Amino acid sequence: MLSSMSFPRYRDKENSDFFERWLPRILEDRDREGLTENIRRIDALMLTVEPGHSAAYVHELCLMTPYDYQSTLESEQHSTHILRIDQNAPDLLVREVKDPELRGIFRSLNEVYPIGAKRPNSRYMGEVFQVEDLDSLVATQKAREVRFFNADQIRQLELPTNMAIVKPSPYTHNIVAYWERPEGSERRYALGKAVVRPDMEHAYLKAKEQREALGIQRLLLPIDHLATRIYSQNREVAILEYLTLSSYYYWGSYDIPDQNSSTNVTKSVHYEDVLRSPAKVFTAANHPYFCNHLIGKPSPTESFARNFGPRLHHIAVAIRDGRTADQLNIDYVVNSLRESGQKFLLEVIGSEREGLKQIFSSASEHSSLIIEYVQRFHGFQGFFAKENVADLTAAAGADETLRSLETESRG
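None of these values were measured; they are calculated from a predicted model.

K.L.:
Help me out: how do you make sense of the sheet that holds strand β11 (residues 248-256) in this one?
P.N.:
Strand-to-strand pairing in sheets goes through backbone hydrogen bonds, with the strands running parallel or antiparallel. One open sheet holds the nine strands; their spatial order is β1-β11-β12-β13-β10-β14-β19-β18-β17, and the pairing between them is mixed. Either end of the sheet is taken by a strand with one partner, and the two such strands are β1 (10-11) and β17 (349-351). When strand β10 (residues 220-230) meets strand β14 (residues 311-319), the two strands line up antiparallel, connected through seven bridges. Of the residues in β14, the one forming a bridge with His225 is Ala316. Packing of helix α10 (residues 300-308) onto the sheet brings it into contact with β10, β12 (261-268), β13 (279-285) and β14, and relative to β10 it is tilted by some 80°.

Here's what the structure looks like:
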């Protein structure tokens, strides 16, 4: 039997007695009931964009990542564009509502937040996990009071009907979905009619041509991690909930005192290599917003949650280790994209000595998501350098503050 508590713990962030008491109970129960063995890799990531933005976003993603456009699933109210690297990396399902006035649960998660409401149809939705036995999975999770959309709700929301989908988390506002897919079988989404749309194909081919012309095609690897920002009071319960819903283990937490936050990491028990199933990161403030004036420190993570709502903040794309044209590969990729007009929030930070280098792009105007690039040196398995995370958090916080002020001035 797999043991989800057998992995080493990395941390300097102290957790509460509640967390340390419930972590082993949840993971040992998950192992004992076969959930850990049943739930495998992340097979797909689902996100939505505003009507009319999907071609531009497909172009952006296919330039900045190694993803290729496959096809579009056309249903009555949505177009869902499938981007893929290969069967070993998660697909991206970029979902676009056809009617901008269409209302639903995912839109409502945006509308109560000042910046989120400006793009009510734009948000990251969640992950789809491959499972070996879907019926067993659903029965076991329902016994743990996990709530799923029923079949009628899935049809009304026009989500793939070959999935079991958990309702949005009260802590992260993300969903988790499961589907039964035998290892090695093709990924097929039971949703609408599959077509190759000329506008998506054109956007993709233009991006791919540019990607190859810049010489970054071979340097871009699959997703390294997904980072969600949540409210300070929800840090521990969000982690424990995700461990209940997935087959991930708790890698550890690090305090970033200068930015009044912590970074908390979970990883798959099945795949040591995060490129096979990306790590899931939770970032939360150390104190709620009403303490900031008393402690005199910035709170970019809490501000993000208050402005956008709890949600995914960035997708980190791995960069192949090595050098190109006398530059480290990450520097070569970033410089090439900068010269083509892509904006970044800061310079590349970190070093080979520290084990990795990282950088944030500016947030996408189509999805509000940031792309992070990370180059790990010589097989470095650590997750980050604390100085890197502090600088990245500060840069993102400055960018989000400016966007918040722009929203207020327009309001």
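K.L.:
In this structure, what is going on with the domain arrangement of the protein chain? I would like to understand it.
P.N.:
Bring the parts together and some accessible area is lost; that lost area is often taken as the interface size. Domain assignment breaks the protein chain into domain 1 (37-211) and domain 2 (215-410). Computed over C-alpha atoms only, the centres of domain 1 and domain 2 are separated by 21 Å. The interface is formed by 49 residues belonging to domain 1 together with 54 residues belonging to domain 2. With both sides pooled, the region where domain 1 packs onto domain 2 buries about 4400 Å², and carbon together with sulfur makes up 59% of that total.

K.L.:
Would you explain the packing of aromatic side chains in this entry?
P.N.:
Think of a pair of aromatic rings as described by two things: how far the centres are apart, and how the planes are tilted against each other in angle. For the structure on display, the rule yields 13 aromatic pairs. Centroid distance Tyr10 to Trp251: 4.7 Å. Interplanar angle 25°. Geometry classified as stacked. One end of the pair, Tyr10, is in strand β1; the other, Trp251, is in strand β11, with 241 residues separating them in the sequence. Accessibility expressed as a relative area gives 36% for Tyr10, which makes it partly exposed. Judged by its relative accessible area of 6%, Trp251 is buried. When the centroid spacing of 5.8 Å and the interplanar angle of 85° are considered together, the rings of Tyr242 and Tyr248 count as edge-to-face. Of the two residues, Tyr242 and Tyr248, neither departs from the other in class, the shared state being buried. Taken together through their ring pairs, the aromatic side chains of Phe129, Tyr242, Tyr248 and Phe282 make up a single cluster. In this structure, Arg229 is placed above the aromatic ring of Phe304, and the distance from its NZ or CZ to the ring centre is 5.8 Å.

K.L.:
For this particular structure, what's the right way to read the sheet that holds strand β6 (residues 123-131)?
P.N.:
In space, the eight strands of this open sheet follow the order β7-β8-β6-β2-β5-β4-β3-β9, with mixed pairing throughout. Looking along the sheet, the strands with just one partner apiece sit at the ends: β7 (164-165) and β9 (193-195). Sheet topology note: the strand β2 (residues 39-49)/strand β5 (residues 91-97) ladder contains six bridges and is parallel. If you follow Leu47 over to β5, its bridge partner there is Val94.

K.L.:
I would appreciate a short explanation of the environment of Tyr250 in the present structure.
P.N.:
Relative to the elements of secondary structure, Tyr250 occurs in strand β11. Taking the relative accessible area as the measure of exposure, Tyr250 reaches 4% and is therefore buried. For Tyr250 and Leu23, which are 227 residues apart along the polypeptide, the C-alpha to C-alpha distance reads 8.4 Å. In contact with Tyr250, not counting residues within four places along its chain, are Arg9, Asn15, Phe19, Leu23, Ile239, Leu243 and Val265. Within the structure, the side chain of Tyr250 is placed 3.1 Å from the side chain of Asn15, a separation counted as a polar contact. Among the polar contacts made by the side chain of Tyr250, one reaches the side chain of Ser253 at a distance of 2.4 Å.

K.L.:
Could you clarify how one ought to interpret helix α8 (residues 235-245) in this entry?
P.N.:
Turn by turn, an α-helix covers 3.6 residues, leaving residues three or four places apart pointing in a common direction. The buried fraction of α8 is high, at eight of eleven residues. What α8 keeps buried is the set Arg235, Glu236, Ala238, Ile239, Leu240, Tyr242, Leu243 and Leu245.

K.L.:
It is not clear to me how empty space enclosed by the protein should be interpreted in this structure. Could you clarify?
P.N.:
For the coordinates displayed, the defined rule picks out four cavities of 30 Å³ or more. Within this model, the second largest cavity holds a volume of roughly 70 Å³. In terms of residue count, the dominant contributor to the lining of the second largest cavity is α8 (four residues). Its residues placed into classes, the lining of the second largest cavity shows six nonpolar, three polar and two charged. Counting only domains with at least three residues in the lining of the second largest cavity, you end up with domain 1 (37-211) and domain 2 (215-410).

K.L.:
Before we go on, may I ask you to explain the side chain of Arg30 in this structure?
P.N.:
With respect to the helices and strands, Arg30 occurs in helix α1 (residues 17-32). For the buried residue Arg30, which engages in no salt bridge, the nearest side chain bearing the opposite charge is Asp31, 4.2 Å off. Among the polar contacts made by the side chain of Arg30, one reaches the side chain of Ser4 at a distance of 2.7 Å. From its side chain, Arg30 meets the backbone oxygen of Ser246 in a polar contact 3.1 Å long. Residues contacting Arg30, with those up to four places away along its chain left out, are Ser4, Leu35, Thr36, Leu243, Ser246, Ser247, Tyr248 and Val269.

K.L.:
When you look at the packing of α1 against α8 in this model, what are you seeing that I'm missing?
P.N.:
Angle between the axes and distance between the axes are the two parameters that describe a pair of packed helices. At a closest axis distance of 10 Å, the pairing of α1 and α8 adopts a crossing angle of 5°. On the basis of their axis angle, the class for α1 and α8 is roughly parallel. Each of Phe18, Phe19, Trp22, Leu23, Ile26, Leu27 and Arg30 in α1 lies in contact with α8, whose residues at this interface are Glu236, Val237, Ile239, Leu240, Leu243 and Thr244.

K.L.:
What exactly am I supposed to notice about the layout of surface pockets here?
P.N.:
Where empty space is left in the structure can be found by rolling a water-sized probe over the atoms. Within this model, the largest pocket holds a volume of roughly 610 Å³. Of all the elements in the fold, those that place two or more residues in the lining of the largest pocket are α1, β8 (175-180) and α8. The residue makeup of the lining of the largest pocket includes at least three contributed by each of domain 1 (37-211) and domain 2 (215-410). As a volume, the second largest pocket reaches approximately 320 Å³. Glu60, Met64, Gly341, Gln342 and Lys343 are the residues nearest the centre of the second largest pocket, which is lined by 17 residues in total. No other element matches the four residues that helix α3 (residues 54-64) contributes to the lining of the second largest pocket. Considering only residue class, the lining of the second largest pocket consists of five nonpolar, nine polar and three charged. Looking at which domains feed residues into the lining of the second largest pocket, each of domain 1 (37-211) and domain 2 (215-410) gives three or more.

Reading guide: rules and limits
- Residues numbered from 1 in each chain as written.
- Predicted model: local features only at pLDDT ≥ 70, side-chain atom pairs only at ≥ 80, totals over all residues.
- Heavy atoms only, no water.
- Pairing = 2+ DSSP bridges.
- Helix = DSSP H or I, 4+ residues; strand = E, 2+ residues; numbered from the N terminus.
- Contact = heavy atoms within 4.5 Å.
- Axes fitted to C-alpha atoms, helices over the stretch in contact; angles between N-to-C directions.
- Domains from an automatic or database assignment.
- Buried area = accessible area lost by both parts, 1.4 Å probe.
- Phe/Tyr/Trp six-rings, centres within 6.5 Å; stacked < 30°, edge-to-face > 60°.
- Buried < 20%, exposed > 50% of the residue type's maximum accessible area, 1.4 Å probe, protein only.
- Lys NZ or Arg CZ within 6 Å of the ring centre and 35° of its normal.
- Polar contact = N/O pair within 3.5 Å; in protein donor to acceptor, adjacent residues only side chain to side chain.
- 1 Å grid on protein atoms, 1.4 Å probe; cavity = no way out; pocket = protein on both sides within 12 Å on 5 of 7 lines; lining within 4 Å.
- Points joined across faces, edges and corners; volume = space filled by probe spheres on them.
- Nonpolar A, V, L, I, M, F, W, Y, C, P; charged D, E, K, R; others polar.
- Lys, Arg positive; Asp, Glu negative; His and termini not counted.
- Salt bridge = Lys/Arg side-chain N within 4 Å of Asp/Glu carboxyl O.
- Parallel < 35°, antiparallel > 145°, perpendicular 65-115°, else oblique.

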